[in-house]
Each structure stands twice: as structure tokens, then as C-alpha cells.
Number of protein chains: 2
Amino acid sequence: MTTDIADTDRVDETGDAESGLRAGQRRVKQRDRTTKTRDDILLVAREEFAANGLSGARVDAIAERTRTSKRMIYYHFSSKEGLYLAVLEHAYADIRKVEAELRLADGDPVDAMRRLIGFTFDYDEANPDFIRLVTIENIHRASHMRQSSSLGRLNTSIIDTIAAILRRGQETGVFRREVDPIDLHMLISSFCFFRISNRHTFGHIFGRDLGEATMRGRHRVLLQDAVIALLRDPHAAGTTAREGA
Amino acid sequence: MTTDIADTDRVDETGDAESGLRAGQRRVKQRDRTTKTRDDILLVAREEFAANGLSGARVDAIAERTRTSKRMIYYHFSSKEGLYLAVLEHAYADIRKVEAELRLADGDPVDAMRRLIGFTFDYDEANPDFIRLVTIENIHRASHMRQSSSLGRLNTSIIDTIAAILRRGQETGVFRREVDPIDLHMLISSFCFFRISNRHTFGHIFGRDLGEATMRGRHRVLLQDAVIALLRDPHAAGTTAREGA
DNA sequence: GTAAAAGTGTACGAACTGGTTCGTTAAGTC
DNA sequence: GACTTAACGAACCAGTTCGTACACTTTTAC
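Residues numbered from 1 in each chain as written. Chains lettered and ligands numbered in written order. Predicted model: local features only at pLDDT ≥ 70, side-chain atom pairs only at ≥ 80, totals over all residues.

1. Points about the overall build of chain A
Then step 1. For chain A, the count of helices and strands is 11 helices and zero strands.
Then step 2. Of the regular secondary structure in chain A, the N- to C-terminal order runs α-α-α-α-α-α-α-α-α-α-α.
Then step 3. Counting only residues that meet the buried cut, chain A has 39% of its 245 residues in that class.
Then step 4. Across chain A, the fraction of contacts at a sequence separation of at least 24, relative to all contacts at a separation of at least 6, is 74%. (Helix = DSSP H or I, 4+ residues; strand = E, 2+ residues; numbered from the N terminus. Buried ≥ 20, exposed ≤ 12 C-beta atoms within 10 Å, placed from the backbone. Contact = placed C-beta atoms within 7 Å.)

Shown next, in the form of C-alpha cells:
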């Protein structure tokens, strides 16, 4: 069920030398058309799944909004779950690509860390559908994700970036605290993610519109400051006070 | 559709003086039985909804695991959504109750803040079903919550607690930074919530079992330290570095 | 040119699911 | 004891949903 995604630009791989150029061109054209059909379905499906969840999504509804028919969905993706998985893989492939393009190797470590946090914050803000898909997959205990080969654990580029910044900060002496990079990534992600994922309940209960621009800016800085303060903190880990509870 | 929850112990309210004692006792007994039936359904329903979401949950499945029948579900809760809403109200009522019981008025502000964070952390850890329900309600854009009168915005007891601790810390001089209490609550909640809600995807991608005890302890302290560091931070808000991105 | 393979549309069906109908039992009231 | 009302059970119904059978066209391969 591993669907090859995001290979729109990869034009040729099966040796075309044997056949004539014309045939090759035609083949490419056909392939492009197929890819377009698939991408079209994928795009609509992402919206539908993000909006309604796996069981809430309707295959007929997806088909209707597509330029093709339900038959094609099953032709290309075999089943509703197959389609869902393809959507999920697609979404993760995107964020991985963007994360890998982050270039924060040089410059002030504090500044680099702020930028990294800002990036995560902005990405989540700009991609609520991704947030929802991840949320939905968690409802299903990541069971589909586990079935996927493309969603293995090759996702560590952002962790490497964080680790590099931390190392540099420690060498410079600005970061006096040692923190596990994955833990830190979680601290950052959780806040960015939560703002989007829990926007509705949190907003309702506390009477706030988390989409508002001023709040967005304030929260962005808040997270940046919190992380930087943590990393700078002269107080050693957890030794400040013994907790009674 | 406002279902009276958590009134198991409230025994009498409709004037019983007119009827005999025996009749009254019998009535109470009957009421108790009804309450038990409702609570039984509610308990099973919470698990089912938490496990499968609103559309994923099956009314028949709930009925089967209950000591009563599907007929009773519709008798007591009118509809699937009615039941779902009752479950949600029940869950929120619980956390509100527990939050209201927090007594952190006196003692060292730093210590109080650590305890408060520890409390939130532990609550989320102990109540994954609550986390899942909130997640699910967010998938639905809090549309059910909005229909509920009992889920209005009277939920601020924890915010008051946070505000009180902050004030005291500022008076003492340990907290040099002014932070909006709701923002701070969000910062704390997000991390605690994320650890549970995104346990599966995050765990899979980074190859970590977030349920592990050592990690739990480490994360608990990490969050506490981060918040304290933020509040202590001598650097003024967001003035540390101008961000290019 | 022709055979195989890939792609596509329509219509349909089997299974499921939320919700109801009808009838029964038990409890409370006079 | 007659009557009213709440609590309950089993079977059932109508609408929906995923998935497919069948028939057809287009593309590719040689």
C-alpha cells in the first residue's frame, strides 16, 4: 500500500533508450496525466479527511469534488484507508522537505533558536490541515502510520538542526543547560501544535480567539522567550525546589 | 439537552414533605437506580467515544457493553450526539472540580508554580480519555460544546490560581516578567496535553515510548524548569534578538 | 495493425447504523 | 385495587456507505 508520492518532477526512470523518443514523450505525458489525477484526488481527500476524520469522511463526497469518479479512487488507492494513508504520507513528506531546507548552521545560537521556533510556529499556523491529520492519526493510535514504510523514522533532520544549535550554544557558553534535542523539539512543537489543534475548545472556554493576529505574535515571542530562558537558565535541572505533592 | 451530572449524592430537591416517608425512600431508591443506569451508560460511552471518535463510535457497541439496552440510551440521552455531549460535560465537570480543589495560596511562589504544573501534568497523564475527548471535540470545531449551557466559561478557577501565584511572585520579586495567566496556562497545558494526545505519532516517528516512567519524570521537570526560567527571566519580553525571518 | 494493459463511468448491492415502534414490567399515587 | 407514569427489551426500518461488476475507451508495445 506504499504509494509513491511527490514524484511529480521525477520524469523518467525505466530505461527509455530502447523505445523511440515519441513513444517516450507520450508515456511521460500519460504519466503526468495520471499523476495529476492522483494529486487531484489527494488534495480533495486531504481536506475531507482533515475536516471529518477517517470514519467521518465520505468517499462519495471526495469523489464528487474531484474531477474524476469514485471508481478512480479505488483504482488508484484500493480502499478508503489506502487513500487516507496516502494523504498522510503526502502531508508528512511535505513538512520533512521544508524542515530539511532549514539553514540555521551559522550565526548567533540564540538567534538561530528563535528562528527555528518561529519556523515551527509559522508552519503549524499555515497548515491547520496537517495538524488535523496528525490529530486524527493519533486518535487511531498511529495504526496506519505504522503500516507505512515511507513514514519510518527518517524524520530527524529537524532534530539534527536543534542538536547543532544546542551544541554551538553550549560551546559559546550562552546555553548553560543540557537538554535532549527531541525533548526540546517536543516542548516547541507542543505549544505550536496546541494553538491550532485545541483552538476551538480552548478558545471557547477562555473566551479567546486564538486566530487573532496580536495574540499570535505574543504567543510566538512567549514561546521563544521561554525556550531561550530555559536554555540559559543557570539553575541546574530540577534542583530548585523539592516538590511535596 | 442539558443533563444533570454528578448529582449522585444530591438526594432530594422536589419537596417530599407532602408524601409519606416510605414513599420518599422508595423514590430516592428509584432515583438512585436511574442515576446508576445513566452513569453506567456514560462510563461505557466515554470509553467508546474516546476510543473511536464521534462518528467512529457505535451506539450498538456501547449498548452491548452496558448492563442495559440501546433503547435506554435513547431514552435517557435522546440521540447519539446527546450522549456524546453528556459524556463531554461529565468529563469537564470532573476536571473543574479537581482544579477548584487546588490550594496553592500560600508558600513560596516558585514552589506553588511547580506544584501547579505538576498537577496539570499528572492529571493529563492519568486521564487519557479526557484528552482524547477534548481532541475529538476539536476535530468537530467545538460545535457540541457551544450548544451546551453547562460548558460555558465558568472554568476560570485554575486561571485565578495561576494569577494569584504570579502576583505573589511579582510582589516577592522572584518573577520579574509579566505574563498573561491564560497564556501561561496554555503553555503549561499544551505540553502536558501533547505528551498524551500525540503520544502515538510522535513516539513512532522519533522512536520513543512516551509512556516510559523515566521520560515522564524528565519531562515533568523540564516543563517546570522552563516555566520558572521564563518567569524569572531578567531579559525583557522579546527584546533579546530581532528576528530576520 | 493489433493485442495487451491501463484508465474510466455507471449503476448497483450487501452490510451497517442510527433511531423507532410496539409492547411489557415495575413503581408510585389515590 | 385501579390508574398513571417511568423504565425497559426485542425486533425492526429506512437511509447511508463502502466497495464492485460490467462495459467501454484510450494508451502502450511490438
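Next comes the rest of the description.
2. Quick word on the interface of chain A and chain B
Then step 1. The partner chain B presents 57 residues to the 56 residues of chain A that form the contact.
Then step 2. Elements with a minimum of two residues in the side of chain A that touches chain B: α1 (21–56), α5 (109–126), α6 (128–139), α7 (143–147), α9 (181–197), α10 (199–206) and α11 (213–232) of chain A.
Then step 3. Class assignment for the residues of the side of chain A that touches chain B results in 25 nonpolar, 17 polar and 14 charged. (Nonpolar A, V, L, I, M, F, W, Y, C, P; charged D, E, K, R; others polar.)

3. Describing the relation of the copies chain A and chain B
Then step 1. With an axial shift of 0.0 Å and an RMSD of 0.1 Å, the rotation relating chain A to chain B amounts to 180°. In symmetry terms, the pair is related by a two-fold rotation axis.
Then step 2. The fraction of interface residues of chain A whose copies in chain B are also interface residues reaches 100%, indicating that both copies meet through the same surface. (Least-squares fit on C-alpha atoms with pLDDT ≥ 70 in both.)

4. Considerations on the packing of helix α6 (residues 128–139) of chain B against helix α9 (residues 181–197) of chain B
In a pair of packed helices, the angle between the axes and the distance between the axes together describe the arrangement.
Residues and elements named next belong to chain B.
Then step 1. Contact geometry of α6 with α9 gives a least axis separation of 10 Å together with a crossing angle of 95°. By the criterion of interaxial angle, the relationship of α6 to α9 is roughly perpendicular. In contact with P128, I131 and T135 of α6, α9 contributes F193, I196 and S197.
Then step 2. In terms of residue class, the contact of α6 with α9 is built from four nonpolar, two polar and no charged. (Axes fitted to C-alpha atoms, helices over the stretch in contact; angles between N-to-C directions. Parallel < 35°, antiparallel > 145°, perpendicular 65-115°, else oblique.)

5. Let's talk about α9 of chain A
Then step 1. Counted at 1.5 Å a residue, the expected span for α9 of chain A with its 17 residues is 24 Å, and the 23 Å between its end C-alpha atoms agrees.
Then step 2. Extensive coverage of α9 of chain A is indicated by the burial of 14 of its 17 residues. (Expected span 1.5 Å × (residues − 1).)

6. Regarding unusual backbone geometry
Residues and elements named next belong to chain B.
Then step 1. One non-glycine residue with positive phi stands out, namely S78, at about 70°.
Then step 2. Of the residues examined, S78 has 14 C-beta atoms within 10 Å and is grouped as partly exposed.
Then step 3. Although it is not a glycine, A142 adopts a positive phi angle of roughly 55°.
Then step 4. With respect to the helices and strands, A142 occurs in the loop between α6 and α7 (143–147).

7. Points about α6 of chain A
All names here are of chain A.
Then step 1. In this model, α6 (12 residues) spans 17 Å end to end at C-alpha, consistent with the 16 Å of a helix rising 1.5 Å per residue.
Then step 2. With respect to burial, α6 is a largely interior element, 10 of its 12 residues being buried.
Then step 3. Among all positions in α6, only F130, I131, R132, L133, V134, T135, I136, E137, N138 and I139 are buried.
Then step 4. In the segment just after α6, R141 is the residue with positive phi, at about 55°.

8. Topic: the domain arrangement of chain A
Residues and elements named next belong to chain A.
Then step 1. Looking at the assigned domains, one finds that chain A contains domain 1 (20–77) and domain 2 (88–232).
Then step 2. The straight-line distance from the C-alpha centre of domain 1 to that of domain 2 is 30 Å.
Then step 3. Contact with domain 1, which involves seven residues of that partner, is made by seven residues of domain 2.
Then step 4. For the side of domain 1 that touches domain 2, the residue count by class is four nonpolar, one polar and two charged. (Domains from an automatic or database assignment.)

9. Digging into the environment of D183 of chain B
Then step 1. Within the secondary structure, D183 of chain B is located in helix α9.
Then step 2. Since 16 C-beta atoms lie within 10 Å of it, D183 of chain B is described here as partly exposed.
Then step 3. D183 of chain B sits 49 residues away from R232 of chain B along the chain, and the two C-alpha atoms are 16 Å apart.
Then step 4. When neighbours within four sequence positions are excluded, D183 of chain B is seen to be in contact with R218, H219 and L222 of chain A.

10. Some details on the environment of E137 of chain B
Then step 1. Among the structural elements, E137 of chain B can be located in helix α6.
Then step 2. Overall, the presence of 26 C-beta atoms within 10 Å leaves E137 of chain B in the buried class.
Then step 3. Taking the C-alpha atoms as reference points, E137 of chain B and G107 of chain B, separated by 30 residues in sequence, lie 37 Å from one another.
Then step 4. Once residues lying within four places of it in the same chain are set aside, the contact partners of E137 of chain B are T201 of chain A together with L88, A142, H144 and M145 of chain B.

11. Brief notes about the confidence of the model for chain A
Residue and element names in this part refer to chain A.
Then step 1. Looking at chain A as a whole, its pLDDT mean stands at 84, while 80% of the residues score no less than 70.
Then step 2. Mean pLDDT in chain A bottoms out at α1, which sits at 77, and peaks at α9, which reaches 98.
Then step 3. Long-range and interchain partners of residues 1–24, a stretch whose pLDDT sits below 50, account for 21 contacts in this model, where long-range means more than four residues apart.
Then step 4. Taken as a whole, residues 237–242 scores under 50 in pLDDT and shows 12 contacts with residues more than four places along the chain or in a different chain. (pLDDT = per-residue confidence, 0-100.)

12. So, the environment of L54 of chain B
Residues and elements named next belong to chain B.
Then step 1. Looking at where L54 falls in the secondary structure, it is placed in helix α1 (residues 21–56).
Then step 2. The spatial distance from the C-alpha of L54 to the C-alpha of I136 is 7.3 Å, given a sequence separation of 82 residues.
Then step 3. Apart from the residues lying within four places of it in its own chain, the contact partners of L54 are F49, Y84, I136 and H140.

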